[in-house]
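Structural features, examined
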Amino acid sequence: SFHLSRQTGAVTRTIERGTRGIQFILNSMVFNVVPTALEIGLVAYILGTRLGPEFAALTVGTIGAYGAFTLAVTQWRTQFRREMN
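This write-up is about the structure you can find in this document.

If you trace the backbone, Ala56 turns up in helix α3 (residues 53-84). A sequence separation of 20 residues divides Ala56 from Thr36, and the C-alpha atoms of the two residues are 16 Å apart. Apart from residues lying up to four places away in sequence, Ala56 is in contact with Ala44, Leu47 and Gly48.

Structure, rendered in structure tokens:
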């Protein structure tokens, strides 16, 4: 009776969901974020050495502005989705 009423599968399910979440974050970092940051850094370095630091700053600033805009619009849209659910 005691063992039948226990929810031992809930702990396993929670640990597995956490493991999948960590795996997703690590995969995203290794295969998306880090290579993109490295590429932006290399391009900014090449532009800075060949054409001057203002071109490197413009490139990094443009990408930063795009990222900030994308994040702001995503958060704005998310509030509507939450209200609909």
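Now, onward.
Our focus in this paragraph is the packing of aromatic side chains. The full count for this structure, using the stated rule, is 1 aromatic pair. For the ring pair Trp76 and Phe80, a centre distance of 5.1 Å and an interplane angle of 85 degrees mean the geometry is edge-to-face. With Trp76 and Phe80 both in helix α3 and 4 residues apart, this pair spans about one turn of that helix.

Quick look at helix α2 (residues 8-50) now. Every α-helical turn comprises 3.6 residues, leaving residues that sit three or four positions apart pointing alike. Across its 43 residues, α2 extends 62 Å between first and last C-alpha, which sits within 8% of the 63 Å expected from 1.5 Å per residue. Along α2, the largest kink reaches about 40 degrees and is centred on Met29. Where α2 ends, the next residue or the one after it, Gly52, has phi of about 115 degrees, a positive value.

The rules behind these values
- Residue indices follow the written sequence of each chain, beginning from 1 at its first position.
- Totals for whole chains, interfaces and linings use all residues, but because this is a predicted model, local features are given only for residues with pLDDT of at least 70 and pairs of side-chain atoms are given and counted only at 80 or more.
- As a rule here, side-chain values come from all non-hydrogen atoms in the structure, and water together with hydrogens is ignored.
- What counts as a helix is a DSSP run of H or I of at least four residues, what counts as a strand is a run of E of at least two, and both are numbered from the N terminus.
- We call two residues contacting when some pair of their heavy atoms lies within 4.5 Å.
- Working definition: a ring pair exists when centres of Phe, Tyr or Trp rings (six-membered ring for Trp) sit within 6.5 Å. Plane angles under 30 degrees give stacked, over 60 give edge-to-face, the rest tilted.
- Expected helix span is given by 1.5 Å per residue-to-residue step, counting one fewer step than there are residues.
- Bend is the name given here to the angle between axes fitted to two runs of seven residues, the run ending at a residue and the run starting at it.

The values are spatial; any link to function lies outside them.
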